[in-house]
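# Descriptive structure summary
Here are the chains, one letter per residue:
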Amino acid sequence: MEDDMVRICRCRFEIETIVCWFDENVGRRLYVCCREKYGGGCGWKAWKDSKMSKQAKHVIC
Ligand SMILES: [Zn+2]
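Here the structure is a predicted model, which means the values were calculated and not measured. (Residues numbered from 1 in each chain as written. Predicted model: local features only at pLDDT ≥ 70, side-chain atom pairs only at ≥ 80, totals over all residues. Heavy atoms only, no water.)

### Examining the coordination of the zinc ion
- Coordination sphere of the zinc ion, protein contribution only: Cys9 (SG), Cys11 (SG), Cys33 (SG) and Cys42 (SG), at 2.1 to 2.4 Å.
- The class for Cys9 is buried, based on a relative accessible area of 6%.
- For Cys42, a relative accessible area of 26% gives the class partly exposed. (Donors = N, O, S within 2.8 Å, 3.2 Å for Na, K, Ca; no water. Buried < 20%, exposed > 50% of the residue type's maximum accessible area, 1.4 Å probe, protein only.)

Next comes the structure, spelled out in structure tokens:
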């Protein structure tokens, strides 16, 4: 619904969408501050996808 919004994290940089590949969250997309990977950033993060069903996980694997 809100995917067309420009999303800005708390330190006012653009956020990135990454895909989580560990634990029970495999394949789930996550918004993070784009500076996180450089060791800076504000630590802002939020799930883009709601929790995936077991069925969806099975398809990905
Ligand atoms: Zn930030």
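### A few points about the environment of Phe13
- Position of Phe13 among the secondary structure elements: in the segment before strand S1 (15–19).
- The exposure class assigned to Phe13 is partly exposed, which follows from its relative accessible area of 38%.
- Sequence-wise, Phe13 and Gly41 are 28 residues apart; in three dimensions their C-alpha atoms are separated by 8.4 Å. (Helix = DSSP H or I, 4+ residues; strand = E, 2+ residues; numbered from the N terminus.)

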